[in-house]
Amino acid sequence: MASLPTGRAGGGRLLRRLGVARRTPEPRPAYSRPLLLAILVIAGVLFAWDIQHSAFHAFYSETARSMSESWHAFLFGSFDPGGSITIDKLPGFLWPQALSARIFGFHPWALTLPQVIEGVLSVAVLYRAVRRWAGENAALLAAAAFALTPAIAGLFRTEVEDPAFTLCVLLAGDATLRAARGARLRPLLAAGVWVGLSFQAKMLEAWAVLPALGLLYVLSAPTVLRRRLAHLAAAGAVCVAVSASWVLLVTFTPAQDRPYIDGTTNNSAVSQVVGYNFLNRFSSVSVSAKDTGSVAVSTMAGTAPAPPTGHSRPTAGQWVKMFAPSLVSQIGWLYPAAALAAVCGVVWRRGRPRTDPLRAGFVLWGVWLVTYFLVFSAGAVGGHTYYMGVVAVPLAALFGAGMVQFWRAWVRGGRARAWALPTVVVTTVAWSAVIAELFPTYLPWLAPAAVVLGAGGLGLLAWGRRGTRTHTHTRPASGDGSSVAPGSPTGPGSASRLGTASASGPYSGSGGDAGRRRTAMLGLVTALVAMLLPSAAWASSVLDPTYGHSGMGSTGPVAIRHRTAAHHPAARRAPSADPSDGTAGRTDGSSSHAPRHPETSDGTAHETARKTSDETSLSPAQRQLLAYTRAHQDGATYLFATSSWRVASPYILHAGAAVLPMGGFTGTAPSPTASGFRDLVATGQLRYVVLGGPATTPGRAIGPWVRAHCERVPGQAYQLYRCTPESAAADRSGSETPTPTP
């Protein structure tokens, strides 16, 4: 145990009674700062490479533009500048992007820049958290493994929710580790704030981290159980308050003073969070959202509808989806290493005091990993590889700390635990080779190179051990292979060097022993390269323009597959000219927010998205329509209404035009209703309507009325109709057209 500082004796006795040692900050090894800087630079390069050619993300980019031009739209997350309907998620993840667009102007790179910053910060926070828990070398390995994970390299260059979410839950984990070390309430409250902020990005998915954080604190915080539970209750209350802040704001704001809440049939933020964005994701396990006010489908307007919620049958395949090629190639290279580290980290430290911080950390990351593994196995993931960022966090942390523990067991000699290091090298390299062979034409040298390096590393490790014998030494009561306390300068929780062994270990002495130690160190480094090389090779594919901007956070050939699915002409048909007749084209496309220009179907969307966002990116027909409606707006709130957000998208994205979309993301939200639409016309807030495009529920209800009561404008390539207040007023005495069931 490190010596206690001089001062008040009562405080020292309390610390001794609780098993906590105060220690002065330890000097970092000379190599630490340069290595950390190198890792951060590599991460920044991977995340920011070719940022000037970032692609807009359909639906999210339009919302970011609307939010950047109006503080009212910013607060509520309005999809359109006119503030008619929100995005189908909480808007917190888009706040940094909207602010960036306000500062730098609306460009694709300006929307990507916040994710790059969030990514570099995430690497730094993970390093800090693991260093506090398991030491300097574990932190460096964890940061490197995290930055070189393919899903991470793709995630933090993509305009989606998970970059902000991943950073916030990492900050929550770091704060909880700090709180558990000294039973401190303030950092635990900070953890509650960070989880609450992560809720603003990913809603209830953020709360899946709470079991891991709570278990860490209740198991290891050095204070009595009653106090631990009281601290957790206070932090939980803070977490709920911050999580519910936006929902409460929307709930207590009159509906006429805010946009309609997308994804719902009752205009409720609670329904959006609980039904549409949570229960709908678990239809495969027969969880129903039909009674929560959620819309009945969760697919994008104009695509084939998903099965009604609550009626899908669970299959065995869903529980192994995390091992499917499209996901395991993005996140799963270190599965064996992380699993072995979690098990050994807990089992090897049995018998330690309850407050043992090293064991508690293994519990934290292990429970975190298992929880999200199960959540994503049960829920809908599809092609959203960027969801995997929150899984990469515990994988990297366990890999870093596990390798340090395995190496220490190896250098001490003995046979009880020395098996772990060669085992983790063999299993991880072999598993990487299996994953690489799933894509035999992509980097065909990868699997052989990893195997050769792994074999070479094992050979050097064995040669370094050749002729040595385990010397007799006192086995610590802790059972962790160390005779010092976890908080002391040379203990498992410190920044001790990987190559340091106890005086009684197999590399003690000089001469030949020193040579064997250097050989073993070279073997360790070679083995680490073998384990990280496949993941790093896939991550580096973002440097190639062919793979660089997938929109789904994926890398390598998986990125090409997702992009091809989004653009392939056969994946969707041209829509019917009239969405009101129920025959508009439907597709078998993904339910994802596809990163493509909504108007393109010829595979040119990637190049279109590279252009600066301005009206020149619109087609001549679109510019003609925009100019005409602007010239004849006559004080109306909206330039024109469209039957779908996909038709409205280019005008919002490239011109910031106040276009009224119908139906929300799925096309089934009752926004606007038929009577609400006629009121907009009657009060002069809306004068023009463009029909055509993907079929939506409001479009089917409103289309016949528009044709019957409004005048078609000649000379336009689109079905543009002019509606007058008189036409709506004459019809307001009639009954409302019923809204058909989608």
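Residues numbered from 1 in each chain as written. Predicted model: local features only at pLDDT ≥ 70, side-chain atom pairs only at ≥ 80, totals over all residues. Heavy atoms only, no water.

Draft legend 1. Just the overall build of the protein chain, in detail. Across its full length, the protein chain carries 27 helices and five strands. Buried residues in the protein chain amount to 60% of all 742 residues. A sequence separation of at least 24 residues applies to 74% of the contacts in the protein chain between residues at least 6 apart. Carbon and sulfur atoms make up 63% of the accessible area of the protein chain, which amounts to about 28,000 Å² in all. (Helix = DSSP H or I, 4+ residues; strand = E, 2+ residues; numbered from the N terminus. Buried < 20%, exposed > 50% of the residue type's maximum accessible area, 1.4 Å probe, protein only. Contact = heavy atoms within 4.5 Å. Areas by Shrake-Rupley, 256 points an atom, 1.4 Å probe, with all protein chains shown as cover.)

Draft legend 2. Looking closely at the side chain of Q716. Examined against the element boundaries, Q716 turns out to sit in the loop between β4 (711-712) and β5 (719-722). With residues near it in sequence (within four places) discarded, Q716 still touches Q624, L625 and Y628.

Draft legend 3. Spatial organisation of the packing of aromatic side chains. Taken as a whole and assessed by the stated rule, the structure comprises 33 aromatic pairs. With 6.5 Å between their ring centres and 90 degrees between their planes, W348 and W419 make a pair best called edge-to-face. Here the residue W348 occupies a position in the loop between α15 (335-347) and α16 (357-378), and W419 occupies one in the loop between α17 (389-411) and α18 (420-437), the gap between them amounting to 71 residues. Overall, the relative accessible area of 10% leaves W348 in the buried class. Between the aromatic rings of F439 and W538, the centroid separation amounts to 5.0 Å while the plane-to-plane angle is 70 degrees, which identifies the pairing as edge-to-face. Here the residue F439 occupies a position in the loop between α18 and α19 (446-465), and W538 occupies one in helix α20 (residues 512-539), the gap between them amounting to 99 residues. (Phe/Tyr/Trp six-rings, centres within 6.5 Å; stacked < 30°, edge-to-face > 60°.)

Draft legend 4. Summary view of the pattern of salt bridges. A full pass over the atoms with the stated rule returns ten salt bridges. Put simply, R128 and D174 hold a salt bridge, and the shortest N to O gap is 2.6 Å. Taken together, the residues span a long stretch of sequence, with R128 in helix α6 (residues 108-134) and D174 in helix α9 (residues 162-182) at a distance of 46 residues. Assessed through its relative accessible area of 1%, D174 is described here as buried. Here D356 ties to R349 by a salt bridge, and the two come within 2.6 Å at their closest N and O atoms. Each member of the pair D356 and R349 is classed as buried. What emerges from the salt-bridge pattern is a single network uniting R128, R132, D174 and R178. (Salt bridge = Lys/Arg side-chain N within 4 Å of Asp/Glu carboxyl O.)

Draft legend 5. Molecular detail of α18. Between the first and last C-alpha of α18 there are 26 Å, a value that for 18 residues agrees with the 26 Å anticipated at 1.5 Å per step. Here α18 has its buried residues at A420, L421, V424, V425, T428, V429, S432, A433, I435 and A436. (Expected span 1.5 Å × (residues − 1).)

Draft legend 6. Seen up close, the state of the cysteines. According to the stated counting rule, one finds one disulfide in the structure shown. Each sulfur in the disulfide pair C710 and C723 lies 2.0 Å from the other. Judged by the sign of its S-S torsion, about 110 degrees, the bond between C710 and C723 is right-handed. You can see C710 sitting in the loop between α26 (697-709) and β4 and its partner C723 sitting in the loop between β5 and α27 (725-731), a full 13 residues away along the chain. In this structure, C710 and C723 share a single accessibility class: buried. (Disulfide = S-S within 2.5 Å.)

Draft legend 7. Quick peek at the environment of A73. Along the chain, A73 falls in helix α4 (residues 71-76). Taking the C-alpha atoms as reference points, A73 and T63, separated by ten residues in sequence, lie 8.6 Å from one another. Once residues lying within four places of it in the same chain are set aside, the contact partners of A73 are S66, M67 and S78.

Draft legend 8. Geometry of the pairing of β5. With four bridges connecting them, strand β3 (residues 688-691) and β5 associate as antiparallel partners. From the neighbouring strand, Y688 faces β5, where its bridge partner is R722. One ladder, built from two bridges, connects β4 with β5; its direction is antiparallel. Among the inter-strand pairings, E711 is bridged to a residue of β5, identified as R722. Where β4 folds back on β5, the antiparallel hairpin that results is connected by six residues, among which G715 adopts a positive phi of roughly 80 degrees. (Pairing = 2+ DSSP bridges.)

Draft legend 9. Spatial organisation of a nonpolar patch on the surface. A cluster of nonpolar side chains, contributed by L37, V41, V45, W49 and L543, occupies part of the molecular surface with about 440 Å² of accessible area. Considering the arrangement of structural elements, one finds W49 in the loop between α2 (32-48) and α3 (60-69). (Patch = residues over 30% accessible without salt bridge, like charges linked within 9 Å, V, L, I, M, F, W, Y side chains within 5 Å.)

Draft legend 10. Looking closely at empty space enclosed by the protein. The full count for this structure, using the stated rule, is three cavities of 30 Å³ or more. Roughly 70 Å³ of volume is contained in the largest cavity. No other element matches α17, which puts three residues into the lining of the largest cavity. Tallied by class, residues from the lining of the largest cavity come to seven nonpolar, two polar and no charged. (1 Å grid on protein atoms, 1.4 Å probe; cavity = no way out; pocket = protein on both sides within 12 Å on 5 of 7 lines; lining within 4 Å. Points joined across faces, edges and corners; volume = space filled by probe spheres on them. Nonpolar A, V, L, I, M, F, W, Y, C, P; charged D, E, K, R; others polar.)

Draft legend 11. Region of the structure containing the confidence of the model for the protein chain. Per-chain confidence: the protein chain averages 82 in pLDDT, with 77% of residues scoring 70 or above. Counting interchain partners and residues more than four positions distant, the pLDDT-below-50 stretch residues 308-312 has 16 contacts. Low pLDDT, under 50, characterises residues 499-505; the stretch is placed with 13 contacts to residues that sit more than four places away or in other chains. (pLDDT = per-residue confidence, 0-100.)

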